[in-house]
Amino acid sequence: MAFKVDKNANISMVQGDSGTIVIEGLNTDKNYAVYFAVQDKNREPVGDEIMLNSNNSANVIFHLTGSYTDAFTVPRGASCETYYYGIKICDSNSNIEDTLILADSDIGDFNTITVYPKKVEGVS
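Basis of the calculations
- Residues numbered from 1 in each chain as written.
- Predicted model: local features only at pLDDT ≥ 70, side-chain atom pairs only at ≥ 80, totals over all residues.
- Heavy atoms only, no water.
- Helix = DSSP H or I, 4+ residues; strand = E, 2+ residues; numbered from the N terminus.
- Buried < 20%, exposed > 50% of the residue type's maximum accessible area, 1.4 Å probe, protein only.
- Pairing = 2+ DSSP bridges.
- Phe/Tyr/Trp six-rings, centres within 6.5 Å; stacked < 30°, edge-to-face > 60°.
- Polar contact = N/O pair within 3.5 Å; in protein donor to acceptor, adjacent residues only side chain to side chain.
- Salt bridge = Lys/Arg side-chain N within 4 Å of Asp/Glu carboxyl O.

Visitor: Mind laying out unusual backbone geometry, listing which residues take part and the relevant values?
Guide: In this model, A9 sits at a positive phi of 70 degrees, which is unusual for a non-glycine residue. One can find A9 in the loop between β1 (4-5) and β2 (11-14). A positive phi angle, near 65 degrees, is found at R43, a position not held by glycine. Positionally, R43 belongs in the loop between β4 (33-39) and β5 (50-53).

And the structure:
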């Protein structure tokens, strides 16, 4: 697995690597639209939001491709760059939208993605 996820749901990864993010514990009585989005330090979106339907499952798995995470750049000379991500569940039947509090984090905490520079380009 190319991503390391700590107990607070903070992610460490290498730019351009692929990996998965698993969201667990969803209510199985609902078919949620589950959104994943990333922002930079200026709160500007990085890449497109990704949406998955839960299909009444307790879990969804976001598969981030290398081409998607290639947008998480590290400035030349920097050892790493920090990005921020969030997960939102939406239920169109009840008009409920909830940003999830992940793992051991709290409502005001940021979920981070610490990105390290590429070591090799590779081909896919």
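So that's the structure; there's more coming.
Visitor: Let's hear about the pairing of strand β6 (residues 60-64): which residues, and what values?
Guide: Judged by which residues are buried, β6 turns out to be one-sided: V60, F62 and L64 face inward and are buried, whereas I61 and H63, on the alternate face, are not. Bridge count for strand β3 (residues 19-23) against β6 is five bridges, and the pairing is antiparallel. Within β6, the position partnered with V22 by the bridge is I61.

Visitor: Report on the pairing of strand β9 (residues 111-116), specifying residues and quantitative values.
Guide: In terms of residue burial, β9 counts as a mostly covered element, since five of its six residues are buried. Examined bridge by bridge, β2 and β9 share four bridges and lie parallel to one another. Looking at the pairing, M13 lines up with V115 of β9. As defined by bridge partners, strand β7 (residues 81-91) adjoins β9 across five bridges and the pair is classed as antiparallel. Bridged to E81 within β9 is V115.

Visitor: Which residues make up the packing of aromatic side chains, and what are the values?
Guide: As enumerated under the stated definition, the model contains five aromatic pairs in all. A ring pair is formed by F36 and Y85, whose centres lie 5.7 Å apart and whose planes are at 35 degrees; its orientation type is tilted. Separated by 49 residues along the polypeptide, F36 in strand β4 and Y85 in strand β7 bring together distant segments of the chain. Comparing F36 with Y85, the two get one shared label, buried.

Visitor: Any chance you could break down the side chain of N10 for me, citing the residues and the numbers?
Guide: For N10, the location among the structural elements is in the loop between β1 and β2. N10 sits in the buried class, given a relative accessible area of 17%. In terms of polar contacts, N10 uses its side chain to reach the backbone amide nitrogen of T112, at 2.8 Å.

Visitor: Give me the lowdown on the pattern of salt bridges, citing residues and values where you can.
Guide: Across all of its chains, the model carries four salt bridges by this definition. In this structure, the salt-bridge partner of K30 is D91, at a minimum N-O distance of 3.3 Å. Placement of the pair is K30 in the loop between β3 and β4 and D91 in strand β7, with a sequence separation of 61 residues. Taking the relative accessible area as the measure of exposure, D91 reaches 4% and is therefore buried. K88 is the salt-bridge partner of E97, the closest N and O atoms lying 3.3 Å from each other. Owing to a relative accessible area of 29%, K88 belongs among the partly exposed residues under this scheme.

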